[in-house]
Amino acid sequence: MTTTMTQAPPLPYAALNGLMSDMTGDEKHQPSATSTLDVLWVLYDSILRVDPAHTADPTRDRFFLSKGHGPVSYYAVLAAKGFIPREWLPTVGRFDSRLGYHPDRNLVPGVEISSGSLGHGLPLAVGTALGLRAQRNPARVFVLVGDAELDEGSNHEAIAYAARARLDRLTVAVIDNTSSSHGWPGGIARRFETEGWTTATIDGRDHAQIAAAFEEPHDRTPHAVIARVEPKWSTR
Amino acid sequence: MTALLARPTTMREQFVATTVELLDDDPRTAVVLADISTDAFADAAVRFPERVLNMGIREQLMVSAAGGLALAGLRPIVHSYAPFAVSRAYEQLKLDLSHQDVGAVVVSIGASHDSATSGRTHYAPEDVALFDTLPGWHVHVPAHVDEVDPLLREAVADGGRHYIRLTEHAVPRAPSALPARPRAVVVAVGPTIAAASQAVRGLDATVLPVTTVRPFPAQALRRAVFELDGGADVVLVEPYYAGTSAHEVAAALPDVRHRLLSLGVGRRDLRRYGTAAEHDAAHGIDAQGLRRSISAFVLGGQRMPDGE
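Residues numbered from 1 in each chain as written. Chains lettered and ligands numbered in written order. Predicted model: local features only at pLDDT ≥ 70, side-chain atom pairs only at ≥ 80, totals over all residues.

Student: Help me get a handle on the overall build of chain B, residues and values and all.
Tutor: Each helix and strand in chain B was counted, giving 12 helices and 11 strands. Relative to the globule expectation of 19 Å for 308 residues, the C-alpha radius of gyration of chain B, 20 Å, shows essentially globular dimensions. By principal-axis analysis of the C-alpha atoms, chain B measures approximately 65 × 40 × 40 Å. Of all 308 residues assigned to chain B, the portion counted as buried reaches 52%. (Helix = DSSP H or I, 4+ residues; strand = E, 2+ residues; numbered from the N terminus. Rg over C-alpha atoms; globule rule 2.2 N^0.38 Å. Buried ≥ 20, exposed ≤ 12 C-beta atoms within 10 Å, placed from the backbone.)

Student: Outline the environment of Ser245(B), supporting the account with residue identities and numerical values.
Tutor: Residue and element names in this part refer to chain B. With respect to the element layout, Ser245 can be found in the loop between strand 10 (233-241) and helix 10 (246-252). In sequence terms Ser245 and Val128 are 117 residues apart; their C-alpha atoms lie 9.0 Å from each other. Other than its neighbours up to four places away in sequence, Ser245 contacts Val213, Phe216, Leu236 and Glu238. (Contact = placed C-beta atoms within 7 Å.)

Student: Go over the sheet that holds strand 8 (residues 205-210) of chain B with me, naming the residues and quoting the values.
Tutor: By definition, the strands of a sheet pair up through backbone hydrogen bonds, in either a parallel or an antiparallel sense. Residue and element names in this part refer to chain B. Taking strand neighbours across the sheet as the criterion, the four strands line up as 8-7-10-11 in an open arrangement whose pairing is parallel. With one partner strand each, in any of the chains shown, strand 8 and strand 11 (259-265) form the two edges of the open sheet. Ignoring strand direction, the axes of neighbouring strands in this sheet form an average angle of 20°. Two strands pair when backbone bridges link them, and strand 7 (residues 184-189) and strand 10 are joined in this way by five bridges, in the parallel orientation. Residue pairing for strand 10: Ala188 is matched across the bridge by Val237. (Pairing = 2+ DSSP bridges. Axes fitted to C-alpha atoms, helices over the stretch in contact; angles between N-to-C directions.)

Student: So what's going on with the sheet that holds strand 1 (residues 62-65) of chain A? Which residues, and what values?
Tutor: Residues and elements named next belong to chain A. Spatial strand order, 1-2-3-5-4: five strands in an open sheet with parallel pairing. The open sheet is flanked by strand 1 and strand 4 (198-203), the only strands paired with a single partner. The sheet shows a mean angle of 20° between the axes of neighbouring strands, taken without regard to direction. Across four bridges, strand 1 lies against strand 2 (residues 141-146) in parallel orientation. When the sheet's bridge partners are listed, Phe63 is paired in strand 2 with Phe142. Strands in contact with helix 4 (residues 121-134) are strand 1, strand 2 and strand 3 (170-176); relative to strand 2, the strand with the most contacts, it is inclined by about 170°.

Student: I'd like a rundown of the packing of helix 8 (residues 192-199) of chain B against helix 12 (residues 287-299) of chain B, residues and numbers included.
Tutor: Residue and element names in this part refer to chain B. Put simply, helix 8 and helix 12 touch, their axes get as near as 8 Å, and they point 55° apart. With respect to helix 12, the element helix 8 is oriented oblique. As for the relative orientation of helix 8 and helix 12, their crossing is right-handed in sense. Counting all contacts with helix 8, which are made through Ala195, Ala196, Gln198 and Ala199, the residues of helix 12 involved are Ala287, Leu290, Arg291 and Ile294. Partitioned by chemical class, the residues of the contact of helix 8 with helix 12 number six nonpolar, one polar and one charged. (Parallel < 35°, antiparallel > 145°, perpendicular 65-115°, else oblique. Left-handed = near helix turned anticlockwise from the far one by under 90°. Nonpolar A, V, L, I, M, F, W, Y, C, P; charged D, E, K, R; others polar.)

Student: Can you tell me about the nonpolar core, naming the residues and giving the values?
Tutor: Ranked by size, the top nonpolar core spans 167 residues in total, and within it Val126(A), Met62(B), Val186(B), Val187(B) and Val237(B) carry the most contacts. A domain-level breakdown of this core finds at least three residues from each of domain 1 (2-165) and domain 2 (184-299) of chain B. Excluding residues within four positions of it along the chain, Val186(B) makes contact with Ala196(B), Val200(B), Ala205(B), Val207(B), Leu208(B), Val235(B), Val237(B) and Ile294(B). (Core = buried A, V, L, I, M, F, W, Y, C linked by C-beta atoms within 7 Å. Domains from an automatic or database assignment.)

Student: Residues and numbers for helix 1 (residues 16-24) of chain A, please.
Tutor: Residue and element names in this part refer to chain A. Considered for burial, the residues of helix 1 that qualify are Leu16, Met20 and Met23. Taken down its axis, helix 1 places every buried residue within 50° of arc, on the same side. Considering only its buried residues, helix 1 is in contact with helix 2 (37-47) and helix 3 (72-80). (Arc of directions from axis to C-beta.)

Student: Please provide a residue-by-residue account of the interface of chain B and chain A, values included.
Tutor: Contact residues are listed per partner, giving 24 residues for chain B and 23 residues for chain A. Elements that contribute at least two residues to the side of chain B that touches chain A include exactly helix 3 (59-71) and helix 5 (90-99) of chain B. If you tally residues by element for the side of chain B that touches chain A, the top one is helix 3 of chain B, at nine residues.

Student: How would you summarise helix 2 of chain A if you had to cite specific residues and measurements?
Tutor: When you tally the buried positions in helix 2 of chain A, you get nine out of 11 residues, the bulk of the element. All of the buried residues in helix 2 of chain A are Leu37(A), Asp38(A), Val39(A), Leu40(A), Trp41(A), Val42(A), Leu43(A), Tyr44(A) and Ile47(A).

Student: Please set out the pairing of strand 10 of chain B residue by residue, giving values where relevant.
Tutor: All names here are of chain B. Of all nine residues that make up strand 10, nine are buried, and the element is covered over most of its length. Here six bridges tie strand 10 to strand 11, and the two strands are oriented parallel to one another. Along strand 11, the bridge assignment pairs Val234 with Leu260. Handedness of the crossover is the feature at issue here: the chain leaves strand 10, passes through helix 10, returns alongside strand 11, and the resulting connection is right-handed. (Right-handed = clockwise from strand over helix to strand, strands pointing away.)

Okay, structure coming up:
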């Protein structure tokens, strides 16, 4: 994608609801539609070393949105941070829009992977973390998955291997809105800890907790942040 | 180093030797494995621990990690038995390489039924048909060991998406005699060239050997058809599912009234073991089987020439 775009001044967190309304037409948004919103905001606001003016910088941090569905929060954050023009938002889902219901890295500046089908982001991130390490590139890789997405077996190939390969520049955020049909007895963190990851289980709406969890040191192991939010079905 | 080693005698040995040289020459080259051929890469894994990557028995991860490596600017080479690298990880080939629009070279062994005693789980007669559903992949089917090195080097240098289908049953190079008045073109893909050349002896058919089958060599086929002594009879011999390239022949000859006979591995699960040669015979793609089918197609009711 192009690396230079017309820069609008970044917008604050309070602007996100309005940006989402540009896409949904609704004034308010249910928690189930915004389960990823706060983690995405904290990542782009204070964790990721990314710059909308230099989206191809080889040393930029990588963020892979693996849970590609429900991208309204993602597009809102990308617009707030100046990666995409706000004018694109009302076009979401149209035939000629760059913004689909699942994002495409070849269409949207700042989007690092094309996602939608579940269980692809974390395995891709393992490869990117390996590739950056082989080049002595200090960039970090962050992946966002959902708790139900962990049902896909491909994730478990990646979880096991990432720890054995000591991918300490890899961080996974699991948005846990208790939507997995068969659940994770003993907790999601345990799946990662057994394989040798460090973990933090936090309130996925608390910005200070989210930032602190991402900043926890994890030497020689990958890191998993389990961000708990409102159960998906509680608003039914 | 490699110069001190014995000259590779199999396609797999040549693949490993060339890959190790590429790892040495270009720090962007990486190899991703899933417990297959790890012994052959053991020395390389010590020399290049960050670029010879064994995922364990995790083929989905092998292909996805290749996509991630390519996103980070590396040039991944993925390697396993064909059923594990292609059909098992098809969704990863589709989404994590094609849809991301990043490059990789997939090098398989085992072909359609090299591991005949292992049974259907280790056969991959469907691999090229699966790649046919993924636009833009280059598909190479070498016949001879000495084709592997240049094919692999060009595929890695190209940067796109390439599939190289190796076989344990490489065939020796042999000159093919051109009939004076050819009446049919026999397109022989990869190692079928040996049986096809033997099969058409005395049949007035010209053999067109094909190594790179995607993109399909449409212009070469048209030239060969236009040189025929009347008619446009085409025989397609493929070492994977019969008819995999039939639509490519049709697309190459939209303006030519032609007949097509598609030969290759049959769709039915034979539930047999034995040897690859026995499977070739069962599918009618050994020299005798090809000769029967091709002569019936080309000569119609005419008597077969002496010799078979």
